[in-house]
Amino acid sequence: MGDEQDVSFEIATDFNEPQQDLSLFIKRYPFPTGLSKIIHDCDLGQNFIIEGPYGRGLELALEPKGCHYLFAAGTGILPFVDFLFMYAWKVLIDAIKKEKGVEVAKKLNPLDINFDNLFGDMSVQLFAAFPKKEDAFIFELIELLSNVDKTYKLGRFKCYLSCYESESITKIESRFNTEVLRGKVETDGHSYYICGPPGFN
C-alpha cells in the first residue's frame, strides 16, 4: 500500500457556512449493468446529474416513543447514519446535562438545536453485521453511543454486532436468525427497520 502518510483534518467550526462538497459512498456491486458498476467504471472527473433523493425516510413521529429496532448488514447501515449521528448527539447532550449541568451541555450544541423534544423518550437497539470491525463504516459512532449510554446508565441504546465485543457492545457469533433474536427483540417494539443484502432482508 506504499508509505504511511500523516493525515490531519479540521472540524468545521462555522456550522452555518454552506459546504461546497457532498461525499457519496457507492459500493461496487458485481452486476454487469448495475448503476454502481457504471459509476465505478467512469473516468475521474466525469459529471453526473443527480435527482432526488426520494423516499419517505424513517417516518419518525415528532416525539417518538418506545423501542426502535435497526437491523443492518454491510452497507445497509448507510440509511441509518444520519439518524444515528443525531441520536448520538442527543444522547451525549442528555448525559452531559445530567452529569455536568445545562451550561456545559450547551457547549456541545453550537447550532442551538432544541434537543429537549428531539427523539422524545425513544430508545434504539441496533443489530449490525459486518465481516470485521474495520468494515463497520461508523464503528466509532456506534462505540461512542454504546459507551455513553452504559456509562451514564441512560437506557437509550443497546448494540449487537457480529464483529466486535466490549463492555457496552454485545457480540453475536452467528447469523441474525429467529433463534438468536428471540429474547432480544420484543414483539411490541414501536418500529423495525431492516436494510442489507436480499438474504438478510
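Look up: the structure comes first, before these words.
Residues numbered from 1 in each chain as written. Predicted model: local features only at pLDDT ≥ 70, side-chain atom pairs only at ≥ 80, totals over all residues. Heavy atoms only, no water.

## Description of the overall build of the protein chain
- Looking only at helices and strands, the protein chain has five helices and five strands in total.
- Starting at the N terminus, the α and β elements of the protein chain follow one another as α-β-α-α-β-α-β-β-α-β.
- Looking at the 201 residues of the protein chain, the share that counts as buried comes to 31%.
- Considering only contacts in the protein chain between residues 6 or more positions apart, those separated by 24 or more positions represent 68%.
- Carbon and sulfur atoms make up 53% of the accessible area of the protein chain, which amounts to about 14,600 Å² in all. (Helix = DSSP H or I, 4+ residues; strand = E, 2+ residues; numbered from the N terminus. Buried < 20%, exposed > 50% of the residue type's maximum accessible area, 1.4 Å probe, protein only. Contact = heavy atoms within 4.5 Å. Areas by Shrake-Rupley, 256 points an atom, 1.4 Å probe, with all protein chains shown as cover.)

## Concerning unusual backbone geometry
- Here the phi dihedral of Glu59 falls at roughly 55°; this positive angle occurs in a residue that is not glycine.
- As for its position among the elements, Glu59 is in the loop between α1 (35-41) and β1 (67-73).
- Take Glu59: its relative accessible area is 54%, and that puts it in the exposed class.
- Even without glycine at this site, Phe119 takes up a positive phi of about 70°.

## Here's the deal with the layout of surface pockets
- Empty space within the second largest pocket amounts to approximately 560 Å³.
- Forming the walls of the second largest pocket are 25 residues, and the residues nearest its centre are Ala73, Ala129, Gly196, Pro197 and Phe200.
- Those elements giving two or more residues to the lining of the second largest pocket turn out to be β1 and β5 (191-195). (1 Å grid on protein atoms, 1.4 Å probe; cavity = no way out; pocket = protein on both sides within 12 Å on 5 of 7 lines; lining within 4 Å. Points joined across faces, edges and corners; volume = space filled by probe spheres on them.)

## Focus: helix α4 (residues 139-151)
- Over its 13 residues, α4 runs 18 Å from end to end, which matches the ideal 18 Å to within 8%, given 1.5 Å per residue.
- Of all the positions in α4, only Phe139, Leu141, Ile142, Leu145, Ser146, Val148 and Asp149 are classed as buried.
- Tucked into the core, α4 has its buried residues touching α2 (81-100), β2 (123-129), β3 (157-161) and β4 (169-171).
- Positive backbone phi, approximately 50°, marks Lys153, located one or two places after α4. (Expected span 1.5 Å × (residues − 1).)

## Quick word on the packing of α2 against α4
- Running from amino to carboxyl end, α2 crosses α4 at an angle of 30°, the nearest separation of the two axes being 10 Å. Relative to α4, the element α2 lies roughly parallel. As α2 runs across α4, the sense of the crossing is left-handed. Contacts between α2 and α4 involve Val81, Leu84, Phe85, Tyr87, Ala88, Val91, Leu92 and Ala95 on the former and, on the latter, Leu141, Leu145 and Val148. (Axes fitted to C-alpha atoms, helices over the stretch in contact; angles between N-to-C directions. Parallel < 35°, antiparallel > 145°, perpendicular 65-115°, else oblique. Left-handed = near helix turned anticlockwise from the far one by under 90°.)

## What to know about the pattern of salt bridges
- Considering all chains together, one arrives at seven salt bridges under this definition.
- Residue Arg28 is joined to Asp41 by a salt bridge in which the shortest nitrogen-to-oxygen separation is 3.0 Å. Separated by 13 residues along the polypeptide, Arg28 in the segment before α1 and Asp41 in helix α1 bring together distant segments of the chain.
- With a shortest N-O distance of 3.3 Å, Asp94 and Lys90 are connected by a salt bridge. Separated by four residues within a single helix, Asp94 and Lys90 lie in helix α2, roughly one turn from each other. As far as the burial class goes, Asp94 and Lys90 line up, both buried. (Salt bridge = Lys/Arg side-chain N within 4 Å of Asp/Glu carboxyl O.)

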